[in-house]
Amino acid sequence: MRPAMVIVVIGLALLAGCAVGPDYQPPRAAAPAQWTSPLAGGETNGPADLAAWWRNFNDTNLDSLMTMAVQSNLTLRVAESRVREARAEQGVVSGSFWPSIGSSASYTRNRYGANTFPPLSGFGIPLDYNLYNAGFDATWELDIFGGTRRAEQAANAEIGAAEFGQRDVLISLLAEVARDYISARGYQQRLAITHQNIQIQQEGLDLTKSRFRSGLSSDLDVQQATALLTSTEAQVPSLETSFDQSVYHLAVLLGQPPGALLDEMSVVKPIPLTPPFVPAGLPSDLLQRRPDVQHSERELAAATAKIGVAKSDLFPKFSLTGFAGLESVSMNNWFDYASRYWSAGPMVQWELFEAGSIRANVRVQDARQEQALDTYQQTVLTALEDAENALVAYAQEQVRRESLSQSVQANQQALDLSTQLYKSGLADFLHVLDSERSLYAAQDELVQSDQTVSLNLVQLYKALGGGWQEKSQ
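1. Thoughts on the sheet that holds strand β3 (residues 317-328)
Link 1 in the chain: Read from one edge of the open sheet, four strands run β1-β2-β3-β4, paired in antiparallel fashion. Two strands lie at the open edges of the sheet, namely β1 (100-111) and β4 (340-349), each paired on one side alone. Neighbouring strand axes in the sheet, compared pairwise and without regard to direction, differ in orientation by 20° on average.
Link 2 in the chain: One ladder, built from eleven bridges, connects strand β2 (residues 128-142) with β3; its direction is antiparallel. Note that in β3 the partner of Ala134 across the bridge is Leu326.

2. Quick notes on helix α4 (residues 147-213)
Link 1 in the chain: For α4, spanning 67 residues, the distance from its first C-alpha to its last is 96 Å, which sits close to the expected 99 Å at 1.5 Å a residue.
Link 2 in the chain: With its phi angle positive at about 80°, Gly215 sits one or two positions after the end of α4.

3. Some remarks on the side chain of Arg190
Link 1 in the chain: Residue placement: Arg190 occurs in helix α4.
Link 2 in the chain: Discounting residues that sit within four places of it in the chain, Arg190 has contacts with Leu239, Asp444, Val447 and Gln448.

4. Structural notes on the packing of aromatic side chains
Link 1 in the chain: According to the stated counting rule, one finds eight aromatic pairs in the structure shown.
Link 2 in the chain: Both rings, one in Phe323 and one in Tyr341, keep their centres 6.1 Å apart while their planes meet at 50°; by these two values the pair is tilted. With Phe323 in strand β3 and Tyr341 in strand β4, this pair connects stretches of sequence that are 18 residues apart.
Link 3 in the chain: A centroid spacing of 4.9 Å and a plane angle of 35° characterise the contact between Trp334 and Phe335, whose relative ring orientation is tilted.
Link 4 in the chain: Counting every residue linked through ring pairs, the aromatic cluster contains Trp53, Trp54, Phe57 and Tyr461.
Link 5 in the chain: Against the face of Tyr422 rests Arg211, its NZ or CZ located 4.5 Å from the ring centre.

What counts, and at which threshold
- Residues numbered from 1 in each chain as written.
- Predicted model: local features only at pLDDT ≥ 70, side-chain atom pairs only at ≥ 80, totals over all residues.
- Heavy atoms only, no water.
- Pairing = 2+ DSSP bridges.
- Helix = DSSP H or I, 4+ residues; strand = E, 2+ residues; numbered from the N terminus.
- Axes fitted to C-alpha atoms, helices over the stretch in contact; angles between N-to-C directions.
- Expected span 1.5 Å × (residues − 1).
- Contact = heavy atoms within 4.5 Å.
- Phe/Tyr/Trp six-rings, centres within 6.5 Å; stacked < 30°, edge-to-face > 60°.
- Lys NZ or Arg CZ within 6 Å of the ring centre and 35° of its normal.

Laid out in structure tokens, this is it:
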């Protein structure tokens, strides 16, 4: 028997070195050699330092808001708790590698029936008795076919997925804080332009009234000037509403009540300026920086490992079991050597018939792994698309802003000239109205373009995976 037992032990040890199911191989994702939409200055493919990208705006208020958001945002806290949850679940799986040992102790008062068979009372055996019991039991399932190891691989991959999910939430949070802050400053600037034009149009209305009283113009000029002024004044409430809503959302992102930042943000500040150069790195770098891509890759690794977990159910389960204890009907000799009992030995369990449910579960895990692979490939394509879209939007909006800047200058000169000609009686008031209307529209568009350039840059930083760095860096 001993040689046979040795052979069995050696065979189980050799089997324990293998694990059923596919071994995970990271997928290969092709990335273009360079970006399709390079930025101005030829710096697109330069090395990118994106860990604290918002500092490139040189706005201390924005820096402070970012710090507060990271410390107090509730959605980010939820993502952090999911990481802790995944790590705890990995600990549950890892515990399966070790024996489970339990203990128990009991006392019972028992009585036999007087009419039981054989009749105990006739032999002088008491019908009432006590029973004292205490013992230990242990079970150790040997991971012969690697089901537990595959489960641990899946759990480790899910930890990585949770960590990258947290980083994805962080990147989205930082971008959203910057967007709300830039939007609020943009509405402030648009309000300033609106009030400035209201003042100019009020002066024009006063001029037409003065000329009307002097008989130099008709009441038509007065009514047209009034219509333009009131139309411009009507823009103020909607702009103030948009400003307040941006500030409300910004406060909620910081884990504060909506109105907490109104006083602070009501101090007029300019729209944060964009840096002169924005190195974006290479497209291949993007796949390593984007946490959503890394999250998808870890999900694929977990799905691959779960195939092995499912396949291990097709094979027998080997366990070592045992129990030992002390049992007696009397407290006086409960702990005597003669009260001992024990049992130990191997056990095999094999589900021989499950109506195909185990193989069906294997097919389920295969399908989920295929879904995870397709999801990863789609995530890579989406990441590249996001970056390309952000690059072209940022570059083209800068060109548009330059044209709008020239348009504002030309409209300002046109207003000055038309006003002088109107005062001299050499032009009708319609030219002044058109010039005022065109100037306001051009100035408002320029401010919106300034805002859009900064917002597009925020989107570019987000698309490039900016906002976090490895701890080792």
